[in-house]
Amino acid sequence: ADLNNEKLAQETHDLKDQGYDCMPVQVDVTDEAAVKNMIDVTVAKYGRLDILINNAGLQHVESIESFPTDKFRQMIDIMLTGSFIGTKYALPIMKEQQFGRILNMASINGVIGFAGKAAYNSAKHGIIGLTKVSALETASEGITVNAICPGYIDTPLVRNQMADLAKDRGVEVEQVLEDVLYPLIPQKR
């Protein structure tokens with residue numbers, strides 16, 4: 001499932017080339033009806049829903065006083081509310097099955113603060129709270145709910161924020177890894 005239809009088509013093609021049975025579903029995780037449809041068509045095709053991975057995300061780096069409120073709301077809607085909606089519609093199916101796994105993508109920024117990332121930190125801290133509540137509500141139903149909190153990983157999402165991090169910290173882009181990110185990464189990679 002993805003919002004970007006081109007990426008969705010490419011990933012589906014790649015997975016099918018590797019021998020996987022998969023079904024692409026274009027979905028905006030902020031659209032409750034679209035998320036419900038994604039889950040419904042999955043269950044219709046496969047007869048069950050064993051795993052839900054809430055992984056939609058985006059990034060914007062800017063100090064709070066200049067952070068656009070609409071961007072803040074968008075990021076909370078995608079990363080936190082979207083995860084809530086997915087969980088909301090997956091749980092009844094998983095409860096009926098008496099089995100399910102929900103993995104919520106949080107971040108190191110869900111357990112620490114990071115200047116310039118008001119929306120991202122807020123969403124990821126919220127993901128951890130949502131995960132705890134979901135785990136408590138499903139503990140006796142054969143369902144586990146976990147949050148994954150990776151540190152910085154060399155991905156396009158991280159690469160695309162280097163210039164904003166440099167600007168926010170008053171350093172050159174070339175210094176961001178060494179001066180801004182590596183202090184948070186014990187392995188320095």
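Provided above is the structure to which this section pertains.
Since this is a predicted model, take the numbers as computed values, not measurements. (Residues numbered from 1 in each chain as written. Predicted model: local features only at pLDDT ≥ 70, side-chain atom pairs only at ≥ 80, totals over all residues. Heavy atoms only, no water.)

**Points about the overall build of the chain**
Inference 1: Per the secondary structure count, the chain includes seven helices and three strands.
Inference 2: Traced from its N-terminal end to its C-terminal end, the chain shows the element sequence α-α-β-α-β-α-β-α-α-α.
Inference 3: Compactness check: the chain gives a C-alpha radius of gyration of 18 Å against a globular reference of 16 Å for 189 residues, within 12% of the reference.
Inference 4: Along the longest, intermediate and shortest principal axes, the C-alpha atoms of the chain span 55 × 40 × 35 Å.
Inference 5: The 189 residues of the chain split such that 35% are buried. (Helix = DSSP H or I, 4+ residues; strand = E, 2+ residues; numbered from the N terminus. Rg over C-alpha atoms; globule rule 2.2 N^0.38 Å. Buried < 20%, exposed > 50% of the residue type's maximum accessible area, 1.4 Å probe, protein only.)

**Brief notes about the packing of aromatic side chains**
Inference 1: Per the counting criterion, the structure on display carries one aromatic pair.
Inference 2: With 6.2 Å between their ring centres and 80° between their planes, Phe67 and Phe72 make a pair best called edge-to-face.
Inference 3: Given the relative accessible area of 29%, Phe72 is considered partly exposed.
Inference 4: Over the ring of Phe114 we find Lys117; its NZ or CZ atom is 4.7 Å from the centre of that ring.
Inference 5: In this structure, Lys117 is placed above the aromatic ring of Tyr120, and the distance from its NZ or CZ to the ring centre is 5.6 Å. (Phe/Tyr/Trp six-rings, centres within 6.5 Å; stacked < 30°, edge-to-face > 60°. Lys NZ or Arg CZ within 6 Å of the ring centre and 35° of its normal.)

**Notes on the nonpolar core**
Inference 1: In this structure, Val35, Ile39, Met75 and Met94 are the most contacted members of the largest nonpolar core, which totals 26 residues.
Inference 2: Only helix 2 (32-46), helix 3 (69-97), helix 4 (118-138) and strand 3 (143-148) provide two or more residues apiece to this core.
Inference 3: Broken down by element, the residue count for this core peaks at nine residues, all from helix 3.
Inference 4: For Met75, the residues in contact, after removing those within four places along its chain, are Leu58, Gln59, His60, Phe67, Leu80, Ala119, Tyr120 and Ala123.
Inference 5: In this structure, Val158, Met162, Leu165 and Val180 belong to the second largest nonpolar core, which totals 12 residues. (Core = buried A, V, L, I, M, F, W, Y, C linked by side-chain atoms within 4.5 Å. Contact = heavy atoms within 4.5 Å.)

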